[in-house]
Amino acid sequence: MSDCIFCKIIAGDIPGKKVYEDDEILAFHDVNPQAPVHFLVIPKKHIRNIMELEAADTALLGRLLFKAQELAVEQGCGEKGARFVINCKDNGGQTVDHLHVHVLGGRFMEWPPG
Ligand code: AMP
């Protein structure tokens, strides 16, 4: 989608600090990290948010979450854990309308979020 910042990162039109890439998935460091480890895992397919997932996307979402787990372990979060977050629309605090999983680790995180 032409005006989507994450689609522009996928296309290489704006830079992203890449963690992982394959045909369907891209992972890159968050530009404004909230923890020592903070990266985003996104589908290359432009899906606006988790409310817009379709039944045909379930395998892709499964791959996305499994890749988030693998990368969290690679980034040193295997032992102590991490937080996996999907914000959705205004009340969910979503600011970029392209489905993404935040992976945050490297410190303890309080619950509930503010
Ligand atoms: P959310 O609020 O869940 O939509 O999260 C969007 C995230 O994207 C925020 O944590 C931003 O810091 C991050 N972000 C926005 N633009 C970029 C960018 N160009 N590269 C990396 N991360 C970005």
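Up top is the structure.
Remember, it's a predicted structure, so these values are computed and weren't measured experimentally.

**Some remarks on unusual backbone geometry**
For the bond running from tryptophan 111 to proline 112, omega is 5 degrees, close enough to zero to count as cis. Note on placement: proline 112 falls in the segment after β5 (101-105). In this structure, lysine 89 is a non-glycine residue whose phi angle is positive, near 55 degrees. Take lysine 89: it is sitting in the loop between β4 (82-85) and β5.

**Comments concerning the layout of surface pockets**
Space left empty within the atom packing is revealed by a probe, the size of a water molecule, rolled over the atoms. Considering only enclosed or pocket space, the largest pocket measures out at about 670 Å³ in volume. Together, 31 residues line the largest pocket, and Asp30, Asn32, Gln34, His38 and His102 are the ones closest to its centre. Looking at the lining of the largest pocket, the elements with two or more residues in it are α1 (5-11), β2 (25-29), β3 (37-43), β4 and β5. Among the elements that make up the lining of the largest pocket, the one with the highest residue count is α1 (3 residues). A class-by-class count of the residues in the lining of the largest pocket yields 15 nonpolar, 11 polar and 5 charged.

**A word on the site of the ligand**
Taken together, 16 residues sit near the ligand, with Asp30, Asn87, Thr95, His100 and His102 positioned nearest. Within the side chain of aspartate 30, an N or O atom sits 2.5 Å from an oxygen atom of the ligand. Here the ligand, which alone exposes 500 Å², has 83% of that area covered by the protein. The cavity that encloses the ligand is the largest pocket. Secondary-structure elements contributing two or more residues to the shell around the ligand are α1 and β2.

**Let's talk about the pattern of salt bridges**
The final tally for this structure, using the stated rule, is 8 salt bridges. When the shortest N-O distance is used, the salt bridge between lysine 45 and aspartate 57 registers 2.6 Å. Of this pair, lysine 45 sits in the loop between β3 and α2 (58-74) while aspartate 57 is found in the loop between β3 and α2, placing the two residues 12 residues apart along the sequence. Classification of lysine 45 by relative accessible area gives partly exposed; the value is 41%. Residue lysine 67 is joined to glutamate 70 by a salt bridge in which the shortest nitrogen-to-oxygen separation is 2.7 Å. Of this pair, lysine 67 and glutamate 70 are both found in helix α2, 3 residues apart, which corresponds to roughly one turn of the helix. What makes glutamate 70 partly exposed here is its relative accessible area of 29%. Where salt bridges share partners, they join Lys18, Glu21 and Lys44 into one cluster.

Criteria and cut-off values
Residues numbered from 1 in each chain as written. Predicted model: local features only at pLDDT ≥ 70, side-chain atom pairs only at ≥ 80, totals over all residues. Heavy atoms only, no water. Helix = DSSP H or I, 4+ residues; strand = E, 2+ residues; numbered from the N terminus. 1 Å grid on protein atoms, 1.4 Å probe; cavity = no way out; pocket = protein on both sides within 12 Å on 5 of 7 lines; lining within 4 Å. Points joined across faces, edges and corners; volume = space filled by probe spheres on them. Nonpolar A, V, L, I, M, F, W, Y, C, P; charged D, E, K, R; others polar. Near = heavy atom within 4 Å. Polar contact = N/O pair within 3.5 Å; in protein donor to acceptor, adjacent residues only side chain to side chain. Areas by Shrake-Rupley, 256 points an atom, 1.4 Å probe, with all protein chains shown as cover. Sits in = over half its atoms within 2 Å of the grid points. Salt bridge = Lys/Arg side-chain N within 4 Å of Asp/Glu carboxyl O. Buried < 20%, exposed > 50% of the residue type's maximum accessible area, 1.4 Å probe, protein only.

This is a description of form; function is not addressed.
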